[in-house]
Amino acid sequence: MTRSTAVNPQVIDSASCEVAGEIMSFVSRRWTSAVMLAGSRGARRFSEYRRMVGGISERMLSVRLAELEQHGLVRREVVPSMPVQVLYHLTDRGRRLLGAVDAMTRWAHDAS
C-alpha cells in the first residue's frame, strides 16, 4: 500500500488494480474504517476511541491503530505530561482516504 508508482489515468493496468485492491482489502478489515471514522469525529486518546467504537477490544484497537500508523493514515503523538498521554491524529492522507470510504459507505446504504 505504501509503494509509489506513476499512474496514468488514461491507462488501466494490473499494477493500478493491484494497488487499489490492496487499499480496499486493508480498509475492509474489521474495525479499520470504524477506527478512522472515530478519529475524524474527534477521538484522540485510546479511551476515546474505545468509547466511540462500540464492541472493539483493547487489543484489536491497539492493532488497528498501529496498522493505521504504519500506513501513514494516523499519527501517534506522545505528550510528555504526568501521566504521559498518547494521542492519535488522522493524517491528511488518512482524511483523504476516509473521504473515499465515506463515499463507498453512502453508496452501499443507498443501494440497499
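Below is a short write-up of the structure. Note on numbering: residues in each chain are counted from 1, in written sequence order. Under the rules for a predicted model, residues below a pLDDT of 70 receive no local features and side-chain atom pairs below 80 are neither given nor counted, while totals for whole chains, interfaces and linings still include all residues. Think of the side-chain values as coming from all heavy atoms in the structure, minus any hydrogens and water.

### Some thoughts on the pattern of salt bridges
Within this document, salt bridges are pairs made up of a side-chain nitrogen of Lys or Arg and a carboxyl oxygen of Asp or Glu, the two lying within 4 Å of each other. Under the defined criterion, the tally for this structure stands at five salt bridges. Glu67 is paired through a salt bridge with Arg64; the nearest N and O atoms lie 2.8 Å apart. Of the two residues, Glu67 and Arg64 are both situated in helix α4 (residues 58-70); the distance of three residues between them amounts to about one turn of the helix. Note on Arg64: relative accessible area 9%, which makes it buried. The partner of Asp102 in a salt bridge is Arg106, and the shortest N-O contact between them spans 3.1 Å. Helix numbers and strand numbers start at the N terminus; a helix is a DSSP run of H or I with at least 4 residues, a strand a run of E with at least 2. With a 1.4 Å probe rolled over the protein chains alone, any residue whose accessible area is under 20% of its type maximum counts as buried; one over 50% counts as exposed, and the rest are partly exposed.

### With respect to helix α2 (residues 32-40)
Listed as buried for α2 are Thr32, Val35, Met36, Ala38 and Gly39. Looking straight down α2, one finds its buried side chains confined to an arc of 155°; they lie on one side. Residue contacts are defined here by distance: any two heavy atoms, one from each residue, within 4.5 Å place the two residues in contact. The inward-facing, buried residues of α2 contact α1 (14-27), α3 (46-52), α4, β2 (85-90) and α5 (92-111). Residue Gly42 follows α2 closely and has a positive phi angle near 110°. In this description, the arc belongs to the directions extending from the helix axis to the C-beta atoms.

### Some remarks on the environment of Ser28
With respect to the secondary-structure elements, Ser28 resides in the loop between α1 and α2. Taking the C-alpha atoms as reference points, Ser28 and Val101, separated by 73 residues in sequence, lie 9.3 Å from one another.

### Considerations on the nonpolar core
If you look at the biggest cluster of nonpolar residues, it comprises 20 residues, and the most contacted ones within it are Val35, Tyr49 and Leu68. Those elements that provide at least two residues to this core are α1, α2, α4, β2 and α5. When residues no more than four places from it in sequence are discounted, the contact partners of Val35 are Tyr49, Val53, Ile56, Leu61, Arg64, Leu65 and Leu68. We call a set of buried residues a nonpolar core when its members are Ala, Val, Leu, Ile, Met, Phe, Trp, Tyr or Cys and they connect through side-chain atoms within 4.5 Å of each other.

### Regarding unusual backbone geometry
Glycine aside, negative phi is the norm for most residues, and most peptide bonds take the trans geometry. Cis geometry is found at the peptide bond from Met82 to Pro83, where omega equals -10°. Summarising the element assignment, Pro83 is placed in the loop between β1 (74-79) and β2. In the Ramachandran plot, Trp31 falls in the positive-phi region, its phi being about 80° despite a non-glycine side chain. Take Trp31: it is sitting in the loop between α1 and α2.

### Thoughts on the packing of aromatic side chains
Any Phe, Tyr or Trp ring, taking Trp's six-membered ring, that has another such ring centre within 6.5 Å forms a pair; planes under 30 degrees apart are called stacked, those over 60 apart edge-to-face, and the others tilted. Taken as a whole and judged by the stated rule, the model has one aromatic pair. Seen from their ring centres, Tyr49 and Tyr88 are 6.2 Å apart, and the 90° between their planes marks the pair as edge-to-face. One end of the pair, Tyr49, is in helix α3; the other, Tyr88, is in strand β2, and 39 residues separate them in sequence. When its relative accessible area of 10% is taken as the criterion, Tyr88 is described as buried.

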